[in-house]
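# Overview (structure and organization)
Listed below are the residues making up each chain.
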Amino acid sequence: MCGISGIAGFKNIGIPLLDSIRHLEYRGYDSCGIAILGSHGIEVRKNIGSVDEVNERERLSEPDGKLGIAHTRWATHGGVTKENTHPHLSCKGDFALVHNGIISNYQELKKELTREGHKFHSETDTEVIVHLVEKYFKSSKDSVRQAHDAVEKAFIKAIKRLEGTYAVAMVTIYEKDKIFCAKKESPLVIGIGGDTNYIGSDFNAFIDYTKNAVVLDDDEYAVVSKDRYFIKNTANGETVRKKITEIHWDSDMAKKGGYPHYMLKEIYEQPQCVINALQVDKLLIKKISDMIIESKKTYLIGVGTTYYVSLIGEYQFSSVAGIFTPAISSDEFKNLAHIDKNTLVIALSQSGETYDTLNALKYAKNKGAKTAAIVNVMGSSIARLADYTILQGSGPEICVISTKAALSQMIILLMAAIEIAVRNKKLTVKNKTEIERHISHLPEIIQRVLNEKSGFIHTIAQKYSHINNWLYLGRGKYYPIALESSLKMKEVAYVHAEGMPAGFLKHGTIALIDENLYSIMFMPPKSDEDLYRLSSGSAEEIKARKGFIIGFHFGDKRESEKLFNEEIVLPKVPDIIAPFLELVVAQLFAYFTAVALKRNIDKPRSLAKSVTVA
Ligand code: F6R
């Protein structure tokens, strides 16, 4: 959604503060700003545009100071304007504040504050918070105002008035060495750096400076200075002691490393991500499999890409393990799921912060379900909320569009399906070993496809980049692959692509087909006989109506030699890993189409990496 950062240090923090919002830009990038506390008070510099654009105009790192906060915005309340950009100031400019989340009662608060004489400069929900703090600080008695914790008291009073979700950070001229922050349902972490402390929406805010972090929980607030910090419960003011988490990510992992875009880098990291997924502790896979076996029903939930991962999981559990584990899009979970104490809900989330998934998981937990999660970000809300969490170890995914994290989750679900299949006697131990051997070759085969095919995929993508509408078709487990692939095309290239089961086509959509409609057919290998025959049949239906088809396939001989107008031929591989290879091809196809169309690849319009609103 938005990115928050803050630094309390002993020397000028302009440059590291600017750096930190560069690392958070994937969370929101329509505008950004900083507030630095210097000898003359708080200096705010902000504007609309990317961090680099704003920096060029406003010289964000220039103000001198040892304490500051910064923000990258993804607009929710109020358009993309300089006035709506954070940080927001109190009337007298003595408090500056940044916020991520949505304050649902901001309109009543704004009315109250306006009546009392506060002047608002933005249309945001955020601005009410800083005026509330100002109000409570000013209304405290002189003697209280002199007290060392007067600002803290006003801050907490203000926070307690808020309804909705928030991660908030504030600086003030009355406490020149402290950052005040609080959290409810939007993420906030503190980086412990010895003589400099940090705050951030996630570890990327300070990963270049420290690997030690403390994760704030809901309804906690913290006061952070350069060499100290404390955390308290917002409701009762009691001190909370928390353990320091060591971040395993490397700062180099979060850099582009010579690739033109993070998306391409992350696509190319997939062989390693699959290796990491395959190396997830077997005991963890066994535990999640036990949970599935012991539950009467299991739902897989996620949203956007992770819904499609859940759907792949549904197919894998059904075909490999012989159990039905419905996938539900998290935003629709409450409308569909029937929960009791024998239900297991497994949440899939890259960021671990997605509101819809977090909310669905909380709902399930409240109704007595057991919960598990497969998550990429350690210490994230979903990782901490679930009864049982597998950290997938894919490393930071910076591009807003998910690629490597999704593939890793698919592999982890597949391993669980195999484990259950053996216990359900659907697979012998010998078969299991054989299948695992096939999967163990996936990293090198993906690498081969990346090395040998990306040039050709680039050419094809460029050639068809003028096409405005695509159908992405697949049967069986190639259907969720088609859905996920079409989502990649939509979000990165802004090109309409509709994913659909190939068998569904003839029930209506076929009316669209003529020589102007372009399709991609995700073919299975011929070894999957039924699916192969049926998928070829669907392609024939399109061909008969002069539709244009690009076939992704494994080089199998077909009866009809000219079934496809173009084809991307992949190495022959066992059926169990075939869909993943086609996904990688589709990711590259979307990427190169977006390059041809000169899109904003790593930060597509209107998207944000972690969507923390309903
Ligand atoms: C697509 C994409 C989104 C996310 C979705 C869930 O490329 O990134 O569809 O998959 O917003 O996000 P997480 O996985 O962070 O819960």
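We now turn to the structure provided with this report. What you are looking at is a predicted structure, and each value in this text was computed from that prediction instead of being measured.

## A short note on the site of the ligand
Taken together, 13 residues form the shell around the ligand, and within it Ser349, Gln350, Ser351, Thr354 and Glu491 come nearest. In the model, an oxygen atom of the ligand is placed 2.6 Å from a nitrogen or oxygen of the Gln350 main chain. Glu491 is positioned such that a nitrogen or oxygen atom in its side chain is 2.5 Å from an oxygen atom of the ligand. Alone, the ligand offers 400 Å² of accessible surface; in the complex the protein occludes 90% of this. Secondary structure elements with two or more residues in the shell around the ligand: α10 (305-321) and α17 (478-493).

## Structural notes on helix α14 (residues 404-423)
For α14, spanning 20 residues, the distance from its first C-alpha to its last is 29 Å, which sits close to the expected 28 Å at 1.5 Å a residue. Count one or two residues on from α14 and you reach Lys425, which has phi positive near 60 degrees.

## Overview of the sheet that holds strand β21 (residues 496-501)
Pairing is parallel in the open sheet, where five strands are placed in the order β21-β20-β22-β23-β24. Edge positions in the sheet fall to β21 and β24 (566-569), since each has one partner strand and no second. Going from strand to strand, the sheet's axes swing by 20 degrees on average, the running direction of each strand aside. Relative to strand β22 (residues 518-522), strand β20 (residues 469-474) is paired through five bridges, and the arrangement is parallel. Note that in β22 the partner of Tyr472 across the bridge is Ile520. Strand contacts of helix α18 (residues 529-544): β20, β22 and β23 (548-553), with the helix running at about 170 degrees to β22, the strand carrying the most contacts. Helix α19 (residues 578-596) rests against β20, β22, β23 and β24 of the sheet, and its axis sits at about 135 degrees to β23.

## So, the packing of aromatic side chains
Given two aromatic rings, their pairing is described by the distance between the two centres and the angle made by the two planes. This structure, assessed with the given rule, holds 20 aromatic pairs. Arranged with centres 4.5 Å apart and planes meeting at 25 degrees, the rings of Phe137 and Tyr174 form a pair that is stacked. You can see Phe137 sitting in helix α4 (residues 127-139) and its partner Tyr174 sitting in the loop between β7 (166-172) and β8 (175-184), a full 37 residues away along the chain. Looking at Phe137, the relative accessible area reads 4%, which means it is buried. Aromatic side chains Tyr464 and Phe548 sit 5.1 Å apart centroid to centroid with 50 degrees between the ring planes, which places their arrangement in the tilted category. Residue Tyr464 is found in the loop between α16 (442-463) and β20, and its partner Phe548 is found in strand β23; the two are separated by 84 residues along the sequence. Residue Tyr464 shares its accessibility class with Phe548, and that shared class is buried. Here a set of aromatic residues connected by ring pairs shows up, and it is made of Tyr464, Trp470, Tyr472, Tyr518, Phe522, Phe548, Phe552 and Phe589. Over the face of the ring belonging to Tyr388 we find Lys287, whose NZ or CZ atom lies 5.7 Å from the ring centre. The ring of Tyr494 has Arg605 sitting right over it, with the charged end atom 3.9 Å from the ring centre.

So, how was this worked out
- Within every chain, residues take consecutive numbers counted from 1 along the sequence as written.
- This being a predicted model, a pLDDT of at least 70 is required before a residue's local features are given, and a value of 80 or more before pairs of side-chain atoms are given or counted; all residues contribute to the totals for chains, interfaces and linings.
- To obtain the side-chain values, all non-hydrogen atoms of the structure were included, while hydrogens and water were left out.
- For this purpose, a residue is taken to be near a molecule or strand whenever a single non-hydrogen atom of the residue falls within 4 Å of it.
- A 3.5 Å cut-off defines polar contacts: any pair of N or O atoms within that distance qualifies, except that in protein one atom must be a possible hydrogen donor and the other a possible acceptor, and neighbouring residues in sequence count only when both atoms are side-chain atoms.
- Areas reported here follow the Shrake-Rupley algorithm with a probe of radius 1.4 Å; residue values treat only the protein chains shown as occluding.
- Labels follow the DSSP assignment, with helices taken as runs of H or I lasting at least four residues and strands as runs of E lasting at least two, numbered in each case from the N terminus.
- By this rule the span expected of a helix is its residue count minus one, scaled by 1.5 Å.
- Pairing between strands requires that DSSP locate at least two bridges from one strand to the other.
- Fitted lines through C-alpha atoms give the axes, limited to the stretch in contact for helices. The angle between two N-to-C directions lies from 0 to 180 degrees.
- Any two residues having at least one pair of non-hydrogen atoms within 4.5 Å are treated as being in contact.
- By convention, a stacked pair of Phe, Tyr or Trp rings (six-membered ring in the case of Trp) has centres within 6.5 Å and planes under 30 degrees apart, an edge-to-face pair has planes over 60 apart, and any other such pair is tilted.
- Each residue gets one of three labels from its accessible area relative to the maximum for its type: buried under 20%, exposed over 50%, partly exposed in between, using a 1.4 Å probe on protein chains only.
- Working rule: Lys NZ or Arg CZ, within 6 Å of ring centre, within 35 degrees of ring normal, means a charge sits over the ring.

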